[in-house]
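# Geometric and topological summary
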Amino acid sequence: MSTATVAYGEAHPLQRTPLARYRHALWLLTTRDLKVRYSTSALGYLWSVLDPLIMAGIYWFVFTQVFQRPVGTEPYIVFLLSALLPWMWFNGAVSDSTRAFLKDAKLIRSTKIPRTIWVNRIVLSKGIEFLLALPVLALFVIVFYVIGLGASVHWELALFPLAILLQAILTAGIALIVAPLVVFFRDLERAVKLVLRFLFYASPIIYGVTDLPSELHFWAAFNPLSGIFGLYRAGFYPDELDWFNVAIAAVMSVGFLVAGLWVFRSTERQVLKEI
């Protein structure tokens, strides 16, 4: 008698492997978040596009029309968006992780699924919003290429998935640290927002690492976002790629993930008692 192969979608949840059940639960929670977020908004998906587009427009106007300060590389709007879009993923995920346990406390206590899911679903949902906003970047690249104002695509664009992977690891690691600690130290929620505001200007978003004084190039590498944003920009601005920065970003991203898992597992029982 031949053994029938059961498709993943047709398998009973209890027949799946622990990893498969984790992925299934993570996807269900993530899609639920996205549906709730978009269904309660009149513009829905457009907010994922309008928010970064308006921010990029403001910085483009300030730095090219008001001050006319030579930061970044032309076309500046492409330079901005190639780092601003991933920044909004990082900023949104870390900021929302401060309420990962407080928002759904009753549901978290009553379910037995791994509690890391409640943090990782935020990282994944914000990551999906980031991917949905990428057509805006592609549109500007195409427009500036057609009108001959310098936007072009290089082979380094193939490094884009590596940037996404490193950012997902880094963001998840930081979120896993922040989420449980906020339960014990409620003021940490506001502190995280202040740190994120500082980190925005300390990261190469409205400028590039090459715009910094030469003595700061080495230290800039220890902001892991420098190497990650350089990977994102490399497909359009190859000079922004610095493999030293990327190597430091990779090591620090993995380090934050390991630290995040340790902090999370060390505090999980106390968190469940506090919420």
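Worth saying up front: this structure is predicted, and the values here are computed from it rather than measured. (Residues numbered from 1 in each chain as written. Predicted model: local features only at pLDDT ≥ 70, side-chain atom pairs only at ≥ 80, totals over all residues. Heavy atoms only, no water.)

### A closer look at the overall build of the protein chain
Within the protein chain, the regular secondary structure consists of eleven helices and zero strands. Within the protein chain, buried positions represent 48% of all 275 residues. For the protein chain, the share of sequence-separated contacts (at least 6 apart) that also reach a separation of at least 24 residues comes to 78%. On the protein chain, roughly 15,000 Å² of surface is accessible, and the fraction owed to carbon and sulfur atoms is 68%. (Helix = DSSP H or I, 4+ residues; strand = E, 2+ residues; numbered from the N terminus. Buried < 20%, exposed > 50% of the residue type's maximum accessible area, 1.4 Å probe, protein only. Contact = heavy atoms within 4.5 Å. Areas by Shrake-Rupley, 256 points an atom, 1.4 Å probe, with all protein chains shown as cover.)

### Comments concerning helix 11 (residues 243-274)
When the terminal C-alpha atoms of helix 11 are compared, their 44 Å separation across 32 residues agrees well with the 46 Å that a helix rising 1.5 Å per residue should span. Remark: the principal bend of helix 11, roughly 55 degrees, maps to E268. Considered for burial, the residues of helix 11 that qualify are N245, V246, I248, A249, S253, G260, V263, F264, T267 and V271. Against helix 4 (100-103), helix 6 (117-146), helix 7 (160-184) and helix 10 (224-234) lie the buried residues of helix 11. For helix 11, the side-chain oxygen to backbone nitrogen distance between the N-cap and F244 is 2.9 Å, and the N-cap itself is D242. (Expected span 1.5 Å × (residues − 1). Bend = angle between axes of the 7 residues up to and from the residue. Polar contact = N/O pair within 3.5 Å; in protein donor to acceptor, adjacent residues only side chain to side chain.)

### Some details on a nonpolar patch on the surface
Together, L139, I142, V143, Y145, V146, I147 and L149 line one region of the surface with nonpolar side chains, adding up to about 740 Å² of accessible area. A relative accessible area of 39% means that V143 is categorised as partly exposed. (Patch = residues over 30% accessible without salt bridge, like charges linked within 9 Å, V, L, I, M, F, W, Y side chains within 5 Å. Salt bridge = Lys/Arg side-chain N within 4 Å of Asp/Glu carboxyl O.)

### Let's talk about the side chain of N245
Along the chain, the position of N245 falls in helix 11. Residue contacts for N245: discarding those within four places in its chain leaves V209, A221 and G227.

### As for the pattern of salt bridges
All told, the structure shown has six salt bridges when counted by the stated rule. For the salt bridge of K126 with E129, the shortest nitrogen-to-oxygen distance reads 3.8 Å. Placement of the pair is K126 and E129 together in helix 6, with a separation of three residues, close to one helical turn. With respect to class, K126 is no different from E129; both count as buried. Connected through shared salt-bridge partners, R32, D33 and R121 make up one network.

### With respect to the nonpolar core
In this structure, W87, F90 and F101 are the most contacted members of the largest nonpolar core, which totals 74 residues. Contacts of W87, omitting those with residues within four sequence positions, involve L196, L199, F200, I205, L225 and F229. (Core = buried A, V, L, I, M, F, W, Y, C linked by side-chain atoms within 4.5 Å.)

### Re the packing of helix 7 against helix 10
Contact pair helix 7 / helix 10: the axes reach a minimum separation of 8 Å and the direction vectors enclose 155 degrees. One way to sum up the angle between helix 7 and helix 10 is to call them roughly antiparallel. Judged by the twist between their axes, the crossing of helix 7 over helix 10 is left-handed. Residue-level inspection shows F160, L162, A163, I164, L166, Q167 and L170 of helix 7 in contact with helix 10, the latter providing P224, L225, I228, L231 and Y232. A breakdown of the residues in the contact of helix 7 with helix 10 according to their chemical character gives eleven nonpolar, one polar and no charged. (Axes fitted to C-alpha atoms, helices over the stretch in contact; angles between N-to-C directions. Parallel < 35°, antiparallel > 145°, perpendicular 65-115°, else oblique. Left-handed = near helix turned anticlockwise from the far one by under 90°. Nonpolar A, V, L, I, M, F, W, Y, C, P; charged D, E, K, R; others polar.)

### What to know about the packing of aromatic side chains
Counted according to the given criterion, the structure contains 15 aromatic pairs. Ring geometry for Y76 and F79: centres 6.1 Å apart, planes at 20 degrees, overall stacked. Of this pair, Y76 and F79 both sit in helix 3 (residues 76-97), three residues apart, which is roughly one turn of the helix. Each member of the pair, Y76 as well as F79, is classed as buried. Considering the side-chain rings of W219 and F222, the 6.3 Å spacing of their centres and the 40 degrees angle between planes classify their relative orientation as tilted. (Phe/Tyr/Trp six-rings, centres within 6.5 Å; stacked < 30°, edge-to-face > 60°.)

### Overview of helix 7
Counted at 1.5 Å a residue, the expected span for helix 7 with its 25 residues is 36 Å, and the 37 Å between its end C-alpha atoms agrees. Buried residues dominate helix 7, accounting for 18 of its 25 residues.

### A few points about the side chain of S82
Topologically, S82 is positioned in helix 3. One polar contact links the side chain of S82 to the main-chain carbonyl oxygen of F79, over a distance of 2.8 Å.

### A short note on the packing of helix 3 against helix 7
Two elements in contact, helix 3 and helix 7, have axes separated by 8 Å at closest approach and are oriented at 20 degrees. In this view, helix 3 runs roughly parallel relative to helix 7, as classed from their interaxial angle. For the pair helix 3 and helix 7, the sense of crossing is right-handed. Every residue of helix 7 that contacts helix 3 at P86, W89, F90, A93, V94 and S97 is listed here: I164, Q167, A168, L170, T171, I174, A175, V178 and A179.

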